[in-house]
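What the coordinates show
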Amino acid sequence: MEKFPLDGLRYRWRSRIGTGYAGPAVAGGRVFVHDRKLARDASNPASAFDRGLIRGTERVVCLDEKDGRELWVHEYDCPYTISYAAGPRATPLVHQGKVYTLGAEGHLHCLEAATGKIVWSREFTKDFGCKTPIWGFSGHPLLDGQKLICLVGGEGSVAVAFDKDTGKELWRALSAREPGYAPPMLYEFGGRRQVIIWHPEAVSALDPETGRVFWTHRAEARMGMSIASPRQVGDRLYLTSFYSGSLMLRIRGIEAPEVLWKTPKASEKDTTMLHSVMSTPVVLPDHIYGSCSYGQFRCLKTDTGERVWETFEPTTGRSERWGNAFIVAQGNRYFLFNEKGDLIMARLTPEKYQEVGRVKLIEPNNRDAGRLVVWSHPAFANRSVYARNDMEIVCASLAQK
């Protein structure tokens, strides 16, 4: 579709689900989504920052991709102790007939994709003696060959690799006060495959086969907010966080990296470069595009971090704390899905932000931010877009009429 229809998108189906931040996954004619159901007499705190013991269950829901019909549900007891207790954070991972899910309290499941039957499971807090992070376990598992590499936490086990078929531990690595929320990433630098782990104290590169540490560079993220995925561009690695801002490293094989540039001042408001909250920027050889701390959508020069332009147009329309839009590249344009539930088609260039079209995809109904938001990443497949809020998941066609 080159532009959105004037009367909006055609919805293929809608299905009721529970609450959560985890985006949907689409594979093999099925849609998988991870959600939460409160116990009948339970409620979340009035302030999303507050923590307590909130009774409820987490569910893995499998839907038919054609019509949204529920095929199976795997549900398990899961009291919450976290802030922002809406539900799971990590999108399901689907591979060779299995679906892997990570819950907000550290329940890792491997299920049969066809039936929802448990193949194996682990519970991070019990198995590794770690504490649930303040905002829950959020780092998406990374599949590499036979290994499922996860962000866990605890002494010597910030990163753990499991056998994808049995759940057996293969290796563990790194120690930190808390694991953060950025998913493990697999890149090649200097001819060596490296698993990049960014926790709130440092960024490290590991040997994916053994967990051996190649190098570590101190890269602090205040309040544990290492969230956005580290991004590779050539021989460089880019990091961004809410308070600390941006850091660009040159990776020299398995030697210690070189700092090319970084944000000079840590701040959530007085920002110069890019202080992303939860959305991972697009990092190109010449320019970087992404959402900053108060909804400023910015373009930076990749070589220096210098800001080229900014606009609030695709995010919140005005300055809003944690204002957000997720970015997906598609050909010579981008799809942006913002916290208001708008799906935007845009061109991003060093000259300007150019909006091609905008439609309302789903209603924002999560109140944790102090305003109504939708903070879950959409999925794109089968010439369709799939998006969820705290009540439903929708599938809308992007096929050219």
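This part takes up the packing of aromatic side chains. Enumeration according to the criterion identifies 21 aromatic pairs in this entry. The interplanar angle of 20 degrees and the centroid separation of 5.2 Å between the aromatic rings of Phe335 and Phe380 together place this pair among those described as stacked. Taken together, the positions of Phe335 in strand S27 (residues 333-338) and Phe380 in strand S30 (residues 379-381) put the pair 45 residues apart, joining distant regions of the chain. Using a relative accessible area of 29% as the deciding quantity, one classes Phe380 as partly exposed. The rings of Tyr100, Trp120, Phe124, Phe128, Phe137 and Phe162 are connected pair by pair, giving a single aromatic cluster. Above the face of the Tyr11 ring, Arg14 is positioned so that its terminal group lies 4.3 Å from the ring centre.

Another point: the sheet that holds strand S18 (residues 231-233). Across the sheet, which stays open at both edges, the four strands sit in the order S18-S19-S20-S21 with antiparallel pairing between neighbours. Each edge of the open sheet is held by one strand with a lone partner, namely S18 and strand S21 (258-262). The mean angle between the axes of side-by-side strands here comes to 25 degrees, regardless of whether they run parallel or antiparallel. Of the strand pairs in this sheet, strand S19 (residues 236-241) and strand S20 (residues 245-250) are connected by six bridges, and their pairing is antiparallel. Its bridge partner being in S20, Thr240 is matched across the sheet by Ser246.

Let us now look at the pairing of strand S12 (residues 159-163). For S12, the tally of buried residues reaches five of five residues, placing the bulk of the element in the interior. Pairing of S12 with strand S13 (residues 169-173), which is carried by four bridges, proceeds in the antiparallel orientation. Paired with Ala161 across the two strands is Trp171, which belongs to S13. In this structure, the hairpin formed by S12 and S13 is closed by a connection of five residues, where Gly167 is found at a positive phi of approximately 85 degrees.

Time to look at the sheet that holds strand S8 (residues 107-112). Strand order in the open sheet made by the four strands is S6-S7-S8-S9, with antiparallel pairing throughout. A single partner strand is all that each edge strand has here, and the edge strands are strand S6 (93-95) and strand S9 (118-123). Looking at each pair of strands side by side, their axes are set apart by 15 degrees on average, direction ignored. Judged from the five bridges that link them, strand S7 (residues 98-102) and S8 form a sheet pairing that is antiparallel. Considered in S8, the bridge of Val99 is made with Leu111.

Despite not being glycine, Leu174 shows a phi value in the positive range, around 75 degrees. In this structure, Leu174 sits in the loop between S13 and strand S14 (185-189). Using a relative accessible area of 15% as the deciding quantity, one classes Leu174 as buried.

Our next topic: the state of the cysteines. Applying the stated rule across the entire model yields zero disulfides. Considering cysteine sulfurs only, Cys110 is the nearest to Cys150, which forms no disulfide, with 11 Å between them.

Structurally, Arg89 is set in the loop between strand S5 (70-77) and S6. Nearest to the buried, unbridged Arg89 among oppositely charged side chains is Asp368, at 6.5 Å. Among the polar contacts listed, one links the side chain of Arg89 to the backbone oxygen of Ser83, at a separation of 3.1 Å. If we ignore the near neighbours within four places in the chain, the residues touching Arg89 are Tyr21, Ala22, Ile82, Ser83, Tyr84, Ala104, Trp135, Gly136, Phe137, Ser138 and His140.

Before going further, it helps to spend a moment on the pattern of salt bridges. The full count for this structure, using the stated rule, is 32 salt bridges. A salt bridge links Asp342 to Arg358; the nearest nitrogen and oxygen atoms lie 3.2 Å apart. Taken together, the positions of Asp342 in strand S28 (residues 342-348) and Arg358 in strand S29 (residues 353-360) put the pair 16 residues apart, joining distant regions of the chain. A residue is classified by how much of its surface remains accessible, and Asp342, at 9% relative accessible area, is buried. The partly exposed category is assigned to Arg358, whose relative accessible area is 32%. Each of Asp64, Lys66, Asp67 and Arg69 takes part in salt bridges that share partners, so that together they form one network.

Calculation notes
Residue positions within a chain follow its written sequence, with the count starting from 1. Per-residue local features are limited, in this predicted model, to residues with pLDDT of at least 70; the limit for side-chain atom pairs, both in listing and counting, is 80 or more; totals at the level of whole chains, interfaces and linings are taken over all residues. Side-chain metrics in this entry use all non-hydrogen atoms of the structure; hydrogen atoms and water are not considered. Paired rings are identified among Phe, Tyr and Trp, the last through its six-membered ring, by centres lying within 6.5 Å, and are further divided according to the angle between planes into stacked (under 30 degrees), edge-to-face (over 60) and tilted (the rest). Numbered from the N terminus, helices here are DSSP runs of H or I no shorter than four residues, and strands are runs of E no shorter than two. Partly exposed describes any residue whose relative accessible area lies between the buried limit of under 20% and the exposed limit of over 50%, with all areas from a 1.4 Å probe on protein chains only and scaled to the type maximum. Whether a charge lies above a ring is judged from NZ of Lys or CZ of Arg, which has to be within 6 Å of the ring centre and within 35 degrees of the ring normal. Whether two strands pair depends on DSSP finding at least two bridges between them. Angular values range over 0 to 180 degrees, each being the angle between N-to-C directions of two axes fitted as lines to C-alpha atoms, with helices fitted over their stretch in contact. Any pair of cysteine sulfurs within 2.5 Å is marked as a disulfide. Here the positive residues are Lys and Arg and the negative ones are Asp and Glu; neither His nor the chain ends is included. Salt bridge criterion: a side-chain nitrogen from Lys or Arg within 4 Å of a carboxyl oxygen from Asp or Glu. Counted as a polar contact is a pair of N or O atoms within 3.5 Å, where, for protein atoms, one must be capable of donating a hydrogen and the other of accepting one, and residues adjacent in sequence contribute only when both atoms are in side chains. Pairs of residues are marked as contacts when any of their non-hydrogen atoms sit within 4.5 Å.

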